[in-house]
Amino acid sequence: MLTNEPISIQFRIPATDHLGKNEVEGKIRFLAESVELDWRLKGNVFRGGQQEVETITLDYGEIEHVELKKRWWKLSQIILRISNPASVEDIPGIEMGKMTLEIDARSREEAKNL
């Protein structure tokens, strides 16, 4: 990264079930020394209100691969591959350390700074 300013991006991970019970929303922050991932299960009719926010801190060495995907010239997804899948196994929608984060429309400008 060229700047020491943290980059914060709001994201969601769509539910993997048809009823939408395990949809995830959160924020990923790219800091100078590490990446912080704040996430929670989105509230719905089955679960009630919002869940508590959980935080995972990842060193840059734990991230094997980062990919930015565009759709119609706009950043739409960040795909991260984590070297230790156990560190993110509690997050629904993540398979073997591969995280596909859908960028919230309000965070697309900030995502351009990656």
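Remember, predicted model here, so these are calculated numbers, not experimental data.

Parameters and conventions
Residues numbered from 1 in each chain as written. Predicted model: local features only at pLDDT ≥ 70, side-chain atom pairs only at ≥ 80, totals over all residues. Heavy atoms only, no water. Buried < 20%, exposed > 50% of the residue type's maximum accessible area, 1.4 Å probe, protein only. Helix = DSSP H or I, 4+ residues; strand = E, 2+ residues; numbered from the N terminus. Pairing = 2+ DSSP bridges. Axes fitted to C-alpha atoms, helices over the stretch in contact; angles between N-to-C directions. Patch = residues over 30% accessible without salt bridge, like charges linked within 9 Å, V, L, I, M, F, W, Y side chains within 5 Å. Areas by Shrake-Rupley, 256 points an atom, 1.4 Å probe, with all protein chains shown as cover. Salt bridge = Lys/Arg side-chain N within 4 Å of Asp/Glu carboxyl O. Lys, Arg positive; Asp, Glu negative; His and termini not counted. Charge placed at Lys NZ, Arg CZ, Asp CG, Glu CD. Core = buried A, V, L, I, M, F, W, Y, C linked by side-chain atoms within 4.5 Å.

A.B. asks: Teacher, can you tell me more about the pairing of strand 1 (residues 7–13) here?
C.D. replies: A regular strand places its side chains so that they alternate between the two faces of the sheet. Because side chains alternate across strand 1, one face comprises the buried residues Ile 7, Ile 9, Phe 11 and Ile 13, and the other comprises Ser 8, Gln 10 and Arg 12, none of which is buried. Taken together, the 7 bridges between strand 1 and strand 2 (residues 24–30) define a ladder with antiparallel strand orientation. Within strand 2, the residue paired with Arg 12 across the bridge is Glu 25. Here strand 1 pairs with strand 7 (residues 98–103) via 2 bridges, running antiparallel. By the bridge assignment for strand 7, Arg 12 is matched with Glu 102.

A.B. asks: So what exactly am I meant to see when it comes to the sheet that holds strand 3 (residues 34–41) here?
C.D. replies: Spatial strand order, 4-3-2-1-7-6-5: 7 strands in an open sheet with antiparallel pairing. With one partner strand each, in any of the chains shown, strand 4 (54–59) and strand 5 (63–71) form the two edges of the open sheet. Each adjacent strand pair in this sheet contributes to an overall mean axis angle of 30 degrees, direction not counted.

A.B. asks: Is there a simple way to explain a positive patch on the surface in this structure?
C.D. replies: On the surface, a cluster of positive charge is made up of Lys 69, Arg 71, Arg 81 and Lys 98. Relative to the assigned elements, Arg 71 resides in strand 5. For Arg 71, a relative accessible area of 53% puts it in the exposed group.

A.B. asks: Which parts of the structure should I look at to understand the nonpolar core?
C.D. replies: Here is a general trend for soluble globular proteins: nonpolar side chains tend to be buried in one another's company. Grouped together as the largest cluster of nonpolar side chains are 25 residues, with contacts concentrated most on Ile 9, Phe 11, Ile 28, Leu 80, Ile 91 and Met 99. When residues of this core are traced back to their parent elements, those giving at least two are strand 1, strand 2, strand 3, strand 4, strand 6 (74–82) and strand 7.

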